[in-house]
Amino acid sequence: MTLALIVIGIVGFAVLSMRRAPLWQWAVAAALLGVLSRFGVDAQGLGIHVDAWGWIVALLPGAILALLVIPPVRRLLLAAPVYDAVRAILPRVSRTEQEALDAGTVGWDAELFSGRPRWDRLLTVRKPTLTPEEQAFLDGPVEKLCAMIDDWDIRHNRADLPPAVWSFLKEAGFLGMLIGKEHGGLGFSAQAQSMVVSKIASRSVSVAITVMVPNSLGPGELLEKYGTPAQKQKYLTRLARGQEIPCFALTGPHAGSDAASMRDVGVVTYDMYEGKKTLGVKLSWDKRYITLAPVATLLGLAFHLHDPEHLLGEREHVGITLALVPAGFKGVEIGRRHYPARAAFMNGPTRGRNVFIPIDFLIGGADCAGQGWRMLMECLSTGRAISLPAIGTTSIKQALRTSSAYARIRRQFGIPVGLMEGVAAPLSRMVKSAYAFEAARALTASMVDEGQRPAVISALLKYRTTEAMRERINDAMDIQGGRAVQDGPGNYLFSGYSNTPVAITVEGANILTRTLITFAQGALRAHPYLYAEIEAAQSPDRKAGIGAFDAAFGGHVSYMLRNIVGSFLHAVSFGALASSPVEHEMARWYRQLARYAQSFALVGDWTVAFLGGDLKRKQMLSGRMADILSDLYLLSAVLKRYEDDGRLEEDRPIVDAVARDCIHALEQSFAAVFANFPNAVLRNLMRVLVFPLGRHARPSSDRESYRLARAVLRPGTFRDRLTPGLYVSMDPKDVTGVLEDALVKVTRAEEVETKFVRAVKKGVIERRLDRDAITDAVEAGVLTEAEAATLRLADQATDRAIRVDDFEADELSPRQLAREPRALGDAAE
């Protein structure tokens, strides 16, 4: 009887938890279990043991739960004490933190946090599409721009874009892609903007950044969303036509990743402007690292606004505010240029002291004073989803495209180096990264086009994409060796390699985006109940707060119980019981994704609940949780891409390999969280619930990786599909066209090459600088004249492709940017 009761109790607990049963069902179940526990078998026969105290104890849990079903009783006995305890320990959410949380929207990230992802929320996100007008712009002006770009000339000879490129950017509308057509802009979708920046970045990161900044976080977007009608009329058309060059100044010497701590200040006052006493703001600022500042005509500024005389309202500290100031306005200083990683895009400091601007210079006017942080965060949640993921992804794809060509045409030890396992390993990593991050880039841009502002997803995608950019460019440098490190007009890798730290650093340094922002912000924003609990706990009305907290807390307990049971059941069944929206070959990966989303929901919930306000301090744990969330998102994007592309059989090995790597990475990250969790009881309990049978995931095998590397060594649809959206030239005089031309010719000569190499190995002919071995092969009867011509073309193309640059000594002498080093105490930039 005891064993049966235990089994009934466990099964009942599991069923009620998985169903997220209401409290009254738990009360009924507890009462029934209590009744069953009091039935026994008398030694002389069947009968009920009459034991008053035993009955009271057996029925007490059910009675307590029944009482808690009554809302006033539950709030008095349970919700109120928990509410007071939470309120006492919960750190106050600052205004800027609140605005950051409110700025974005949640979507698929909330599904992952829920532990029960609703697949339609993923699979119904629209496929990456462009309008005919957007496609024509990519095929026309963007192609023309890419053909104009000489990246070596830009970054070495000029340290700036050529005048012809600047003119074309302005005339063709590149600087006004996000500005609506009603204001003379192109009005492009997020997908189109992302693809335009991607293609340009495959040619020059400096040009891509120059195009990216006016179309990301800056005056154009801020005016579109928040500007007054007069501000829109005055500036948007001029911005769209390139008649105004905008920049936005946020970062300062003492405010980097913690931008809200800026010391820049404005004070509301009256002063003279254009001969009249005018209400305005006296501004002082010191900003640095501002892209386009040296050439900007319109300066966007963020600063803390104070109103000591209450000229705008009741608040003395109004809050972070945004303003637009003409660069030529009296008192505005545009400093000398920065030189970030020797990149040519314009970047520099700007300052001003006691610069009086009229109140009309505030973006949105006086009505938007103090709302600057919210405005910035709303723009950043979309802009960060478009710009840097585009540059990071295209850099990965470019590394793959050049390395796959080089690995096929470059021969060592008698074979193409791409056939060597040591080279195939990094090449296969590029294949998997190119597929996965293009999938994530396209999916996230589509989310933005559907009206989402994916703040959490944009943060994790930024840090994961740019970190992958760093790793894959390093792989490309390893494969291409001396060809990659010898800089010059013919080097197509070194610029991306040197600019990678810029992408890592800007729009939130990766080291803090990963460890401080992604999971902490995601837990607050995407968790199904935590945000509501915090809002309730901070309510100034205690009664209303307890009522709201009661509802959220009840849901949270139900959510936690389901996570406990769901995680354990999915783990012991190895995901077989998890859901899948498909029945085809990818169903197993959907089930694994659902399994680990459930585990993430459990571990994330307990991590936040236990650490509370210490979560910001436990950044190593928070970083690992961010890695888990980002791997879940990447796997989601890969599965979505496979569906959108029509389940191409040729792509199935890549999806399988990426999925294996993601699942293995997930298990490694979970294990690291458990090993370092500060509470031993919770640490071991989570380990049992998530890995009751141990960890079994393995990354993609050497055989899988080698096959992927082999497949990309040939020109064709597979290689093209892995590297979409790049600027591809077949001109042998072009910096990357020389590789494409050589790959085609070497592939065409494969059979002839095999005969030739076999003859060399047998000693029939010999490769020597003082002899023409191909002519010797013809004379020896190894090759026909036609075969010799084919092989000669391949040889000549290969020689062009592997050639490196050299210089006269005076060609590399110091250029105009050289100057005397600044003394440490000198305040001038």
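Summarised in this report is the structure supplied together with it. Because the structure is a prediction, the values reported are computed rather than measured. (Residues numbered from 1 in each chain as written. Predicted model: local features only at pLDDT ≥ 70, side-chain atom pairs only at ≥ 80, totals over all residues. Heavy atoms only, no water.)

Points about the packing of aromatic side chains
Threshold: Planes of paired rings set the category: under 30 degrees apart is stacked, over 60 is edge-to-face and the rest tilted, where pairs are Phe, Tyr or Trp rings (Trp by its six-membered ring) whose centres lie within 6.5 Å. When accessible area is computed with a 1.4 Å probe and restricted to protein chains, residues below 20% of their type maximum are described as buried, those above 50% as exposed, and intermediate ones as partly exposed.
Throughout the structure, instances matching the rule amount to 22 aromatic pairs. On the basis of an interplanar angle of 50 degrees and a centroid distance of 5.9 Å, the ring pair of Phe168 and Phe174 is categorised as tilted. You'll find Phe168 and Phe174 in the same group, each marked buried. Ring pairs connect the aromatic residues Phe137, Phe168, Phe174 and Phe188, which therefore count as one cluster.

Points about the side chain of His570
How we decide: Secondary structure is summarised from DSSP: a helix means a run of H or I of at least four residues, a strand means a run of E of at least two, and numbering begins at the N terminus for each. Any pair of residues with heavy atoms lying within 4.5 Å of one another is described as a contacting pair.
Position of His570 among the secondary structure elements: in helix H21 (residues 542-572). Setting aside chain neighbours within four positions, we find His570 in contact with Gly575, Leu577, Ala578, Arg595 and Gln598.

A word on empty space enclosed by the protein
Heads up, the rule is: We place a 1 Å grid over just the protein atoms. Points where a 1.4 Å probe fits but has no way out form a cavity, open points with protein on both sides within 12 Å along at least 5 of 7 lines form a pocket, and any residue with an atom within 4 Å of a point lines it. Grid points are joined across faces, edges and corners, and a volume is the space filled by probe spheres set on the points. As a working rule, the residues Ala, Val, Leu, Ile, Met, Phe, Trp, Tyr, Cys and Pro are called nonpolar, Asp, Glu, Lys and Arg charged, and the rest polar, with Gly in that last group.
Scanning the entire structure with this criterion turns up two cavities of 30 Å³ or more. For the largest cavity, the calculated volume is near 60 Å³. Contributing to the lining of the largest cavity are Gln398, Arg401, Thr402, Leu726, Tyr727, Val728, Ser729, Thr736 and Glu740. No other element matches helix H15 (residues 372-409), which puts three residues into the lining of the largest cavity. Considering only residue class, the lining of the largest cavity consists of three nonpolar, four polar and two charged. In terms of lining, the second largest cavity is formed by Met177, Gln193, Val197, Met212, Asn215, Ser216, Ile386 and Ser387. Counting residues per element, the ones that place at least two in the lining of the second largest cavity are helix H11 (190-201) and H15.

Things to note about the packing of helix H2 (residues 23-37) against helix H3 (residues 52-69)
The line we're drawing: Note on definitions: angles span 0 to 180 degrees between N-to-C directions of axes, and those axes are lines fitted to C-alpha atoms, for helices only across the stretch in contact. Note on angle classes: values under 35 degrees are labelled roughly parallel, values over 145 roughly antiparallel, values of 65 to 115 roughly perpendicular, and the remainder oblique.
Direction vectors running N to C along H2 and H3 enclose 170 degrees, while the axes themselves pass 8 Å from each other. It follows from the interaxial angle that H2 and H3 lie roughly antiparallel. Listed contacts from H3 to Leu23, Trp24, Trp26, Ala27, Ala30, Ala31, Gly34, Val35 and Ser37 of H2 are Trp55, Ala58, Leu59, Pro61, Gly62, Leu65, Ala66, Leu68 and Val69. The class makeup of the residues in the contact of H2 with H3 is 15 nonpolar, three polar and no charged.

A few points about the nonpolar core
This is how the line gets drawn: Nonpolar cores are built from buried Ala, Val, Leu, Ile, Met, Phe, Trp, Tyr and Cys residues. Side-chain atoms within 4.5 Å join them into one set.
If you look at the biggest cluster of nonpolar residues, it comprises 178 residues, and the most contacted ones within it are Phe174 and Ile200. In this structure, Phe174 is in contact with Phe137, Pro141, Val142, Leu145, Phe168, Leu169, Val196, Ile200, Val211 and Asn215, ignoring residues within four places of it in sequence. Formed by 30 residues, the second largest nonpolar core is a distinct cluster that contains Tyr226, Tyr235, Leu324 and Ile363.

A look at the environment of Leu283
Summarising the element assignment, Leu283 is placed in strand E5 (residues 276-291). For Leu283, a relative accessible area of 0% puts it in the buried group. What Leu283 contacts, discounting residues up to four positions off in sequence, is Val265, Gly266, Leu301, Phe303, Gly352, Arg353, Asn354, Val355 and Ile357.

Section: a negative patch on the surface
Here is the rule we go by: Residues enter a patch when their relative accessible area is above 30% and they make no salt bridge; the linking distance is 9 Å between like charges and 5 Å between nonpolar side chains (Val, Leu, Ile, Met, Phe, Trp, Tyr). Per-residue and other accessible areas were derived by the Shrake-Rupley procedure at a 1.4 Å probe size, with only the shown protein chains allowed to occlude residues. In the sections that follow, a salt bridge refers to a side-chain nitrogen of Lys or Arg positioned within 4 Å of a carboxyl oxygen of Asp or Glu. The positive count covers Lys and Arg only, the negative count covers Asp and Glu only, and His and the chain ends enter neither. To locate a charge, take NZ of a lysine, CZ of an arginine, CG of an aspartate or CD of a glutamate.
Together, Asp806, Glu808, Asp810 and Glu811 make up a negatively charged patch on the protein surface. Within the secondary structure, Glu811 is located in the segment after helix H31 (785-802).

With respect to the side chain of Lys287
How we decide: The term polar contact refers here to a pair of N or O atoms within 3.5 Å; inside protein, the definition further demands a hydrogen-donor-capable atom paired with an acceptor-capable atom, and it admits residues adjacent in sequence only when both atoms are side-chain atoms.
With respect to the helices and strands, Lys287 occurs in strand E5. Here the side chain of Lys287 touches Ala302 through a polar contact of 2.9 Å, landing on its backbone oxygen. Here Lys287 is in contact with Ala249, Leu250, Thr251, Gly252, Met262, Asp264, Leu301, Ala302, Pro349 and Thr350, once residues within four sequence places are set aside.

Points about the pattern of salt bridges
Pairing between side chains of opposite charge can happen when the charged atoms of each approach one another. Counting across every chain of the model gives 52 salt bridges. As a salt-bridge pair, Asp264 and Lys287 come within 2.8 Å of each other at their nearest N and O atoms. One end of the pair, Asp264, is in the loop between strand E3 (246-249) and strand E4 (265-273); the other, Lys287, is in strand E5, with 23 residues separating them in the sequence. No difference in accessibility class separates Asp264 from Lys287, as the two residues are buried. A salt bridge links Asp741 to Arg800; the nearest nitrogen and oxygen atoms lie 3.2 Å apart. With a gap of 59 residues between them, Asp741 in helix H28 (residues 737-748) and Arg800 in helix H31 connect regions that are remote in the sequence. Assessed through its relative accessible area of 8%, Asp741 is described here as buried. Here the salt bridges do not stand alone but share partners, grouping Arg408, Arg411, Arg714, Glu750 and Glu753 into one network.

Observations concerning the layout of surface pockets
Looking at the second largest pocket, its volume works out to about 720 Å³. In terms of lining, the second largest pocket is formed by 28 residues, of which the most central are Arg411, Phe756, Arg767, Asp795 and Asp799. Elements represented by at least two residues in the lining of the second largest pocket include exactly strand E10 (411-412), helix H29 (750-762), helix H30 (773-779) and H31. Of all the elements, H31 adds the most residues to the lining of the second largest pocket, at eight residues. Among the residues forming the lining of the second largest pocket, the class breakdown is 13 nonpolar, four polar and eleven charged.

Considerations on the environment of Leu33
Structurally, Leu33 is set in helix H2. Sequence separation between Leu33 and Gly9 is 24 residues; the distance between their C-alpha atoms is 7.2 Å.

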